Amino acid sequence: DQQVKQNSPSLSVQEGRISILNCDYTNSMFDYFLWYKKYPAEGPTFLISISSIKDKNEDGRFTVFLNKSAKHLSLHIVPSQPGDSAVYFCAALSYNTDKLIFGTGTRLQVFP
Amino acid sequence: SAVISQKPSRDICQRGTSLTIQCQVDSQVTMMFWYRQQPGQSLTLIATANQGSEATYESGFVIDKFPISRPNLTFSTLTVSNMSPEDSSIYLCSVGMIVADTQYFGPGTRLTVL
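These figures come from a predicted structure and were not determined experimentally.

Participant: Report on the overall build of chain A, specifying residues and quantitative values.
Facilitator: A count of helices and strands for chain A gives zero helices and 11 strands. When the helices and strands of chain A are listed from N to C terminus, the series reads β-β-β-β-β-β-β-β-β-β-β. Taken along the three principal axes of its C-alpha coordinates, chain A extends 45 × 30 × 20 Å. Relative to its full complement of 112 residues, chain A shows a buried share of 45%. Pairs at least 24 residues apart make up 55% of the contacts formed inside chain A by residues separated by at least 6 positions. Carbon and sulfur atoms provide 49% of the accessible area of chain A, an area that totals close to 5500 Å². Across chain A, the centroid of the 11 positively charged side chains sits 3 Å from that of the 10 negatively charged ones.

Printed below as a string of structure tokens:
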């Protein structure tokens, strides 16, 4: 049973436009959410996170939105740059288990 | 943050053999984890490597197949035993930084089993 789902395996966006990556989860016990970015031949690197007590967190070009009632979060990248081309993983954490549960990832390609 | 290195970075192995993957961290960390990413799949936690005691395995993973060592707070190994083509995957070491509430990943080991 996939507790964290990223239903779009890939996304293609023009440079300068907004990239929106989506993530859905099923476990209401999750109380912390993270986005990781992965380049080929490298491990995932932490990008941005959000606690369940918030509905938005912003860091430069990256904003994560959380809709708890819909069990949905999204990552917005504005403006998108070619260097943003990577695989993005959504992950969820429950403090009582201290384990990250990952989605399957979305491959973002930003073209000029 | 933590700098994590893994050896080997990739390997091609024959069915029935075993491979040990090493993970080295540049600082002492309490929690170390081993993940697997099979083609088209999510990152899946295999086990938590505990220093001084046996690893804690997730459902679907057993010690006989994936023995783990954690001799100190900066090093761990994962062995993939009696390999089959289904074990072909990227194996990632990760450390948990409780204060930062994030995990940092090594570069991964790409394993291909023929």
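Let us keep going from here.
Participant: Just give me the short version of the packing of aromatic side chains, but keep the residues and values in it.
Facilitator: Scanning all chains against the criterion turns up 12 aromatic pairs over all chains. With centroids separated by 5.7 Å and ring planes inclined at 75°, the aromatic side chains of Phe 102 of chain A and Phe 105 of chain B adopt a geometry described as edge-to-face. Highlighted residues: Phe 102 of chain A in strand 10 (residues 99–102) and Phe 105 of chain B in strand 10 (residues 102–105), drawn from two different chains. For the pair Phe 102 of chain A and Phe 105 of chain B, a shared accessibility class is recorded, and that class is buried. Aromatic side chains Phe 61 of chain B and Phe 66 of chain B sit 5.6 Å apart centroid to centroid with 65° between the ring planes, which places their arrangement in the edge-to-face category. Accessibility assignment for this pair places Phe 61 of chain B and Phe 66 of chain B in one class, buried. Taken together, the aromatic side chains of Tyr 36, Phe 46, Phe 89 and Phe 102 of chain A together with Tyr 35 and Phe 105 of chain B make up a single cluster linked through ring pairs.

Participant: Which residues make up the interface of chain B and chain A, and what values go with them?
Facilitator: Listed as interface residues are 18 residues of chain B and, on the opposing side, 19 residues of chain A. Both sides of the chain B and chain A interface together cover about 1500 Å² of buried area, and 57% of this is carbon and sulfur. At the boundary of chain B with chain A, the tally comes to zero salt bridges. Connecting chain B to chain A are one residue pair in polar contact (both at pLDDT 80 or more). Every element with two or more residues in the side of chain B that touches chain A is listed here: strand 4 (31–37), strand 5 (43–49) and strand 10 of chain B.

Participant: Can you lay out the sheet that holds strand 3 (residues 19–25) of chain A for me, pointing to particular residues and giving the numbers?
Facilitator: Residues and elements named next belong to chain A. Here five strands make up an open sheet; going across it, the order is 1-3-8-7-6 and the pairing antiparallel. Two strands in the sheet have a free side with no partner beyond their single neighbour: strand 1 (4–5) and strand 6 (56–59). Across two bridges, strand 1 lies against strand 3 in antiparallel orientation. The residue of strand 3 that forms the bridge with Lys 5 is Asp 24.

Participant: Let's hear about unusual backbone geometry: which residues, and what values?
Facilitator: Cis peptide bonds are those with omega within 30 degrees of zero, and the linkage from Val 78 of chain A to Pro 79 of chain A qualifies with -10°. Inspection of the secondary structure puts Pro 79 of chain A in the loop between strand 8 (72–77) and strand 9 (86–94). For the peptide bond that leads from Lys 7 of chain B to Pro 8 of chain B, omega is -10°, which places it in the cis range. Inspection of the secondary structure puts Pro 8 of chain B in the loop between strand 1 (4–7) and strand 2 (10–13). Residue Ala 41 of chain A is not a glycine yet carries a positive backbone phi of 65°. If you trace the backbone, Ala 41 of chain A turns up in the loop between strand 4 (32–38) and strand 5 (45–51).

Participant: Hey, could you go over a nonpolar patch on the surface for me, with residue numbers and the actual values?
Facilitator: Taken together, Ile 18, Ile 20 and Val 78 of chain A make up a surface patch of nonpolar side chains, about 230 Å² in accessible area. Among the structural elements, Ile 20 of chain A can be located in strand 3.

Participant: Outline the side chain of Ser 89 of chain B, listing residues and values.
Facilitator: All names here are of chain B. Note that Ser 89 resides in strand 9 (residues 89–97). According to the relative accessible area criterion, Ser 89 is buried, its value standing at 4%. Within polar-contact distance, the side chain of Ser 89 engages the backbone oxygen of Gln 37 at 2.9 Å. Only 3.4 Å separates the side chain of Ser 89 from the backbone nitrogen of Gln 38, close enough to count as a polar contact. What Ser 89 contacts, discounting residues up to four positions off in sequence, is Arg 36, Gln 37, Gln 38, Thr 109, Arg 110 and Leu 111.

Cut-offs used in this document
- Residues numbered from 1 in each chain as written.
- Chains lettered and ligands numbered in written order.
- Predicted model: local features only at pLDDT ≥ 70, side-chain atom pairs only at ≥ 80, totals over all residues.
- Heavy atoms only, no water.
- Helix = DSSP H or I, 4+ residues; strand = E, 2+ residues; numbered from the N terminus.
- Buried < 20%, exposed > 50% of the residue type's maximum accessible area, 1.4 Å probe, protein only.
- Contact = heavy atoms within 4.5 Å.
- Areas by Shrake-Rupley, 256 points an atom, 1.4 Å probe, with all protein chains shown as cover.
- Lys, Arg positive; Asp, Glu negative; His and termini not counted.
- Charge placed at Lys NZ, Arg CZ, Asp CG, Glu CD.
- Phe/Tyr/Trp six-rings, centres within 6.5 Å; stacked < 30°, edge-to-face > 60°.
- Buried area = accessible area lost by both parts, 1.4 Å probe.
- Salt bridge = Lys/Arg side-chain N within 4 Å of Asp/Glu carboxyl O.
- Polar contact = N/O pair within 3.5 Å; in protein donor to acceptor, adjacent residues only side chain to side chain.
- Pairing = 2+ DSSP bridges.
- Patch = residues over 30% accessible without salt bridge, like charges linked within 9 Å, V, L, I, M, F, W, Y side chains within 5 Å.

Don't take any of this as a statement about function, it's just geometry.
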